[in-house]
Amino acid sequence: MSLSSKDINKYLIYIILFFSVFDTARNYTYLPAAFGYIKEIAIVIISFFMFRRKIYFPSGFGIWFGIFWIYFLIISPLGFFNNSIYSILRLLILFIKYVEFFLIFIIFYNLEEIANITYKKCICIYIVMTIILLFVNIIGYYIPNPIVSRAINPRLAQGFYNNRITVGQPPISVYPMILSFVYVLVNGKIGVKKLLILACNVIGVFIAVSSTGIISILGILGYYFLHVFFQLKKKNKYTRKKLNLYILILICCSLAIYVFMSSSNFEVQKKFAAERIGRVLKGTLEKDEALNVRTDNAEIAIGKMSFGQKIFGTGIYGYCSEDIPVNLENTYANLFAMYGLIGLSFFIIMFIKNFLFLFKTVRKNIDNNNIYLTLMLLNIAFLLHAYTLDVIGTITLSSGYAMFYCYMIRELQKRRF
């Protein structure tokens, strides 16, 4: 029996979902770096089938999604001339990774039309994998093994990411858990299963001691509780349910943090996390060495740009030189350095349009409240991570966000009709 393109795309979607959650752990296995290119191949094949039919662009961002993409395609080639240290092949790979940000949104927005798989199944798989990731992180940190372990990577043996229970770069490793936390927090029936998933996600973020992850969780809960507080003024069934959930979430998070704080196995991580949270509350993040390195690199890169480059950009990694041979690990600084003030403005306007779209949506119909709240929290998590990571050039960060975002937008469109 021959497979249709929709059947093939279904299996390719499985591959993308797998890498969306576990790609960061690949550095702590014996797998070669080239293994990660499987996800790029999957995206290219899906795109080949997808663009042979009528497709739709993700709504919510308005025309700014397309404008931002066109500007990206126009300016990116400048990087091949401005970058003096990367090979053409490496720049081409980096270019493809950025193109994937746009393709992955289109793929997930057209998911059920191009693949024999539903959004619900994708989300279920994604959430289950985030729970598995928690145990992979714990086992990989404490137990030497030939599959995924800190002992495999010499940098970890020398103390790299020491005292942080994760088998990948902490903020990237916990990001899928945060997206899972957001979706389960707002959607689904209240019960033991829901609370266990939320507790596992919170514990996973805290034991990895990711400053970005912890700030994201606090920001998400802060906005969520504020939203519920204002909704309590409206006496309806929706707010009564939310009040019950509000209480259960408090209990869930309290239990998760209690486990983290009371277990002697996490003593070092507990102190590390307390120190990082303290920096946030005291406003002393400037003492964070990793953040200082990012800031210094951004200042050097931007300082070398001409006036014209500050307006239009230097192209894909065009700012890189012997002084700055690496990613700036800050989406806003990256966009400014590569695509100038114009490119950064398009990105910001795209999200401003998105927020305005969401505000209008909830104001028109209270029944869309869950969708509105989920999308707002997803945007908060995504934009907070953009401050310390390259969310556009990292498929692990963009694909999970794109999947949840496109599903919620699609649900909103169904309710309109």
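What you are looking at is a predicted structure, and each value in this text was computed from that prediction instead of being measured. (Residues numbered from 1 in each chain as written. Predicted model: local features only at pLDDT ≥ 70, side-chain atom pairs only at ≥ 80, totals over all residues. Heavy atoms only, no water.)

Caption draft 1: Region of interest: the confidence of the model for the protein chain. Per-residue confidence for the protein chain gives a mean pLDDT of 82; residues scoring 70 or more make up 80%. Mean pLDDT in the protein chain bottoms out at helix H13 (residues 267–282), which sits at 61, and peaks at helix H3 (residues 64–75), which reaches 94. (pLDDT = per-residue confidence, 0-100. Helix = DSSP H or I, 4+ residues; strand = E, 2+ residues; numbered from the N terminus.)

Caption draft 2: Structural detail: the packing of helix H1 (residues 5–22) against helix H7 (residues 119–142). Relative orientation of the contacting elements H1 and H7 amounts to 35°, with a least axis distance of 9 Å. In terms of crossing hand, the pair formed by H1 and H7 is right-handed. Across from Ile13, Tyr14, Leu17, Phe18, Ser20, Val21 and Phe22 in H1, the residues of H7 making contact are Lys121, Cys122, Ile125, Tyr126, Met129, Thr130, Ile132, Leu133 and Val136. Among the residues forming the contact of H1 with H7, the class breakdown is 13 nonpolar, 2 polar and 1 charged. (Axes fitted to C-alpha atoms, helices over the stretch in contact; angles between N-to-C directions. Left-handed = near helix turned anticlockwise from the far one by under 90°. Contact = heavy atoms within 4.5 Å. Nonpolar A, V, L, I, M, F, W, Y, C, P; charged D, E, K, R; others polar.)

Caption draft 3: Summary view of the nonpolar core. With 124 residues, the main nonpolar core has Ile13, Phe105, Tyr317 and Tyr401 as its most contacted residues. Once residues within four sequence positions are removed from consideration, Phe105 is found in contact with Pro58, Phe61, Phe65, Tyr401, Ala402, Tyr405 and Cys406. (Core = buried A, V, L, I, M, F, W, Y, C linked by side-chain atoms within 4.5 Å. Buried < 20%, exposed > 50% of the residue type's maximum accessible area, 1.4 Å probe, protein only.)

Caption draft 4: Local environment of helix H17 (residues 369–385). Over its 17 residues, H17 extends 24 Å from the first C-alpha to the last, a length consistent with the 24 Å expected when each residue adds 1.5 Å. Buried residues dominate H17, accounting for 15 of its 17 residues. (Expected span 1.5 Å × (residues − 1).)

Caption draft 5: Structural context of the environment of Gln309. With respect to the helices and strands, Gln309 occurs in helix H15 (residues 307–312). Gln309 sits 31 residues away from Gly340 along the chain, and the two C-alpha atoms are 6.2 Å apart. At 3.0 Å, the side chain of Gln309 forms a polar contact with the backbone nitrogen of Ser306. (Polar contact = N/O pair within 3.5 Å; in protein donor to acceptor, adjacent residues only side chain to side chain.)

Caption draft 6: Quick peek at the pattern of salt bridges. Summed over the entire model, instances satisfying the criterion amount to 5 salt bridges. Here Asp23 ties to Lys39 by a salt bridge, and the two come within 3.5 Å at their closest N and O atoms. With a gap of 16 residues between them, Asp23 in the loop between H1 and helix H2 (37–50) and Lys39 in helix H2 connect regions that are remote in the sequence. The same class applies to Asp23 as to Lys39, namely buried. Here Arg410 ties to Glu113 by a salt bridge, and the two come within 3.2 Å at their closest N and O atoms. Here the residue Arg410 occupies a position in helix H18 (residues 395–416), and Glu113 occupies one in helix H6 (residues 111–114), the gap between them amounting to 297 residues. (Salt bridge = Lys/Arg side-chain N within 4 Å of Asp/Glu carboxyl O.)

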